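# What the coordinates show
Residue strings, one per chain:
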Amino acid sequence: MIDPANSETRLRTTFNIKVNGKPVVISTVGQAHQFLTSLNAVEWMEFKSLHDTAMAALQDAADNAIMTVQATNAVRTLFVSAKLL
């Protein structure tokens, strides 16, 4: 099992978002995983199910690059629901 935080597997898209007025670019599984774990769990509470799905999909993509489409879709769904995109 590969640590998803260190994965350099590319997502199918690059997410350009702003958090607290600062631009954040997410293009790899590792960057997405680090972003989703860097925020307080309370901040994701409203989106717990989507957050859990995205985290599981990122782990799968870190283990098997074929899963990057599913991981990208899960992260996109979470960001859209959280109004980050």
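Check the entry above for the structure.
Residues numbered from 1 in each chain as written. Predicted model: local features only at pLDDT ≥ 70, side-chain atom pairs only at ≥ 80, totals over all residues. Heavy atoms only, no water.

## Some points on the side chain of Gln59
Short version of the rule: Labels follow the DSSP assignment, with helices taken as runs of H or I lasting at least four residues and strands as runs of E lasting at least two, numbered in each case from the N terminus. Whether a residue is buried, partly exposed or exposed follows from its accessible area with a 1.4 Å probe, protein chains only, as a fraction of its type maximum: under 20%, in between, or over 50%, in that order. In the analysis that follows, any N or O atom pair within 3.5 Å is treated as a polar contact, provided that within protein one partner can donate a hydrogen and the other can accept it, and provided that, for residues neighboring in sequence, both atoms belong to side chains. By definition, residues are in contact when any of their heavy atoms lie within 4.5 Å.
Turning to its location among the elements, Gln59 is positioned in helix α2 (residues 48-63). Judged by relative accessible area, which is 17%, Gln59 ranks as buried. Reaching out from Gln59, the side chain makes a polar contact with the backbone oxygen of Ile2 at a distance of 3.0 Å. Among residues more than four places away in sequence, those in contact with Gln59 are Met1, Ile2 and Pro4.

## Considerations on helix α3 (residues 68-81)
Condition: Residue count minus one, scaled by 1.5 Å, sets the expected span of a helix. Throughout, the arc means the angular range of directions from the helix axis out to the C-beta atoms.
Compared with an ideal rise of 1.5 Å per residue, which puts 14 residues at 20 Å, α3 spans 20 Å between its outermost C-alpha atoms and is within 8% of the ideal. Among the residues of α3, those classed as buried are Thr68, Ala71, Thr72, Ala74, Val75, Leu78 and Phe79. Take α3 and look down its axis: the buried residues cluster within an arc of 165°, on one side only. Among the structural elements, β1 (10-19), β2 (22-28), α1 (29-38) and α2 are those in contact with the buried residues of α3. Remark: Lys83 follows α3 within two positions and exhibits a positive phi of approximately 60°.

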